[in-house]
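# Structural description and commentary
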Amino acid sequence: MEKEDKEDKKKEDDQRPAGLLSSQLLLKRSVYEVSLHPGVLTWTRAHLPSRLGHTVPVSEVISVRELEVASSTSISPCSCTSMCSTTTSSDSSPSRNSTTGTSMCTSRCTSGARSSRRWQKIPQRDDEDSPHAFTVSYVQRARRAAWRLRDVTFLCADAALCGRWVRTLTEQLSALAQRPRRLLVYINPLSGKRQGERIYRHKVAPLFSRANISTSVIVTQHANHARDHLRTEAELQNYDGVVCVGGDGMFSEVMHGLVLRTQRDQGRDHHHPDQNLAQTGLRIGIIPAGSTDCICFATVGANDPVTSSLHIIVGDCQPMDVCSVHHGDAFLRYSVSLLGYGFYGDVLSDSEKRRWMGPARYDVSGVKKFLSHRYYEGTVSYLPASDVLGTPRDRAPCRTGCVVCQYNRLLEEEKEEKLKMEESHEGLAWRSVRGKFLAINAVSMSCACPRSPQGLSPAAHLADGTTDLILVRKASRLAFLRHLLRHTSKDDQFDLGFVEVHRVRRFRFTPRFCQSDSELDLQELLQEKEQKEAQQKEVQQKEAQQKEVQQKEAQQKEAQQKEAQQKEVAGSQARRILGQLCREHPACCRTPPCSSCWNCDGEILPHADIQVRAHRQLIRLFARGIEETPVFDDNIPPGAI
């Protein structure tokens, strides 16, 4: 009869909807009410309000596994076990048995421990009553956007209940389609402090193994190894995502290989600046192991390998804009973070000569180029994104579930045909700025990092289809220093007279020595013609006055010739010395270069005159943006969720 009741109970439990369980389980020798609602796991100590319990979304549960609790034989019994059992069994009340037995055993073991001067473990009856258990590994949020893996172990009275919990939770995790099952991993062993392989082996691989994720690991042997492998050899259909272990340079390699492979498979000509590019199918995960890890910090909020690994395991998805850079009809590179001309281009160019210094080379080159204080002349033409939500100075940073990115995506989808017409007549909407610039920067994200928590453009968005164009005009060293220092504070870095910022869809830059803008040249010719006419009138009026002046000058020349003859003897010796110095050190008399170079995500571009276009949500990352507050709060009752 008892066997039939158990079978009926098991059938009723099996008929229960998957993902809905509720039981009283033991946790740290206390009774907890554990419930599995659709998508949410909660546990609350018995006789306490549910708002004081813990709530974890199933999407953030990493794994669940069944354990076997060690029996009482595994606990070394004390010398008075028989006496304790006799005392316990002599009591008629079940509730008092445990209490009496424990107190008796405690007193006798204490006396025995004192006599033998050795501590002995006291057997606990809770584990004997609940010999089965299962452990749930889940994500817990820490300080500064960091994630940590936490384990909670529940004790069950019988094996059937424990198996039912494990089976149901496993089914819930298997139903999460966004989670990756197979990953292609590239490790750069030379990035940063050369700890990429160690970081993956000790911090990342154990987490992937616990989450039952299979990986194919490739350690890169040379520059662009990952890019070339993704473009030609990788069988992408066998994977759910690509992971790079390294710095921003390693991510750039993986991103270029994946984007170029996608355009080739889709038959898109990436060399044409007006070509609409196809979105990549696989997500990219970043395990930070470089010097700055700017992209990881701006998309996750922390440069922590464990945090990034957990984002990959739970299958987060963060779309990202990518800028294509062309010189004429020739494709140069893709950019996702910084395009810098002038100061940032000079710093990168100079730092390449000091790679032996490691990350400190950027500080040395930065100080050197700041003191040189060079400016560059040219013309910047841009297509403003006037119809989008948000501006670079609205102080609204891009965060998880960004409303600006979502709104602009819907807006662009609704007006796609209209935007194409505008781009076909882009000459009507383009604006031009000509002048002398200390720096020209274009950022598609905030470019925040531990050294600059606000970044170059705090309100730049990851997936709104635009880029923020920052123009820093010629100014004094002190003024430029104020602008640079504001990157490390919360002050408005654009609230300076020589700095202007525009949110644009496209832009192009032409240095002064190779400008070919017909409209601007025509305006310049007209202005020169008017100036010449005015000058001719002034010349005619001054001719009469010059005749009188010439007579006086003739007299002065005679006196100057005598002085020149005297100075020539004294100056001949000085000229010989200076001539020798200039031959030995020609850099001291060299004029500043007429153009700088472009810093494209840490790589130097071979051309200064470029055109740039922002492509909306071209790639996707295993990330969710920076979280301001936890998405799920432990104090939210399960019913509300």
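Because the structure is predicted, anything quoted here is derived from the model rather than measured.

Right, let's talk about the overall build of the chain for a bit. Looking only at helices and strands, one finds 16 helices and 21 strands in the chain. With 641 residues in all, the chain has 45% of them scored as buried. In the chain, of all internal contacts separated by at least 6 residues, the share reaching a separation of at least 24 is 77%. For the chain, the accessible area works out to roughly 35,300 Å², and carbon and sulfur atoms hold 49% of it.

It is worth spelling out the pairing of strand β17 (residues 467-473) at this point. Where burial is concerned, most of β17 is hidden: six out of the seven residues are buried. By the bridge criterion, six bridges tie strand β16 (residues 431-443) to β17 in an arrangement that is antiparallel. Within β17, the position partnered with F437 by the bridge is R473. By the bridge criterion, six bridges tie β17 to strand β18 (residues 499-511) in an arrangement that is antiparallel. Paired with D468 across the bridge in β18 is R503.

A word on unusual backbone geometry. What is expected of a backbone is that most residues other than glycine have negative phi and most peptide bonds are trans. Although it is not a glycine, R29 sits at a positive phi angle of roughly 65°. Considering the arrangement of structural elements, one finds R29 in the loop between β1 (21-27) and β2 (30-37). Phi at A145 is positive, roughly 65°, even though this residue is not glycine. With respect to the helices and strands, A145 occurs in the loop between β6 (132-141) and β7 (147-156).

Take the nonpolar core next. With 62 residues, the main nonpolar core has Y186, F251, M255 and I619 as its most contacted residues. Tallying contributions element by element places helix α8 (residues 248-266) first for this core, with seven residues. Once residues within four sequence positions are removed from consideration, Y186 is found in contact with I218, T220, A226, H229, L230, A234, V242, V243, C244, V245, M250 and V254. L21, L25, F154 and C162 belong to the second largest nonpolar core, which has 25 residues in total.

Our next topic: the pattern of salt bridges. The tally for this structure, following the rule as stated, stands at 20 salt bridges. Between R393 and D492 there is a salt bridge, with its nearest N and O atoms 2.7 Å apart. With R393 in the loop between β15 (376-384) and α13 (403-414) and D492 in the loop between α15 (477-485) and β18, this residue pair connects regions lying 99 residues apart in the sequence. The partner of E500 in a salt bridge is R473, with the nearest N and O atoms 3.1 Å apart. Of this pair, E500 sits in strand β18 while R473 sits in strand β17, and the two are 27 residues apart along the sequence. Overall, E500 belongs to the partly exposed group, its relative accessible area being 22%. Its relative accessible area of 26% is what places R473 among the partly exposed residues. Salt bridges sharing common partners tie together E60, R141, D316, R624 and E627.

Contact geometry for helix α12 (residues 360-372) and α15: axes closest at 10 Å, N-to-C directions at 145°. Across the interface between the two elements, F370, L371 and S372 of α12 pack against R477, F480, L481 and L484 of α15. In the contact of α12 with α15, the residues fall into five nonpolar, one polar and one charged.

Rules used throughout
Residues numbered from 1 in each chain as written. Predicted model: local features only at pLDDT ≥ 70, side-chain atom pairs only at ≥ 80, totals over all residues. Heavy atoms only, no water. Helix = DSSP H or I, 4+ residues; strand = E, 2+ residues; numbered from the N terminus. Buried < 20%, exposed > 50% of the residue type's maximum accessible area, 1.4 Å probe, protein only. Contact = heavy atoms within 4.5 Å. Areas by Shrake-Rupley, 256 points an atom, 1.4 Å probe, with all protein chains shown as cover. Pairing = 2+ DSSP bridges. Core = buried A, V, L, I, M, F, W, Y, C linked by side-chain atoms within 4.5 Å. Salt bridge = Lys/Arg side-chain N within 4 Å of Asp/Glu carboxyl O. Axes fitted to C-alpha atoms, helices over the stretch in contact; angles between N-to-C directions. Nonpolar A, V, L, I, M, F, W, Y, C, P; charged D, E, K, R; others polar.

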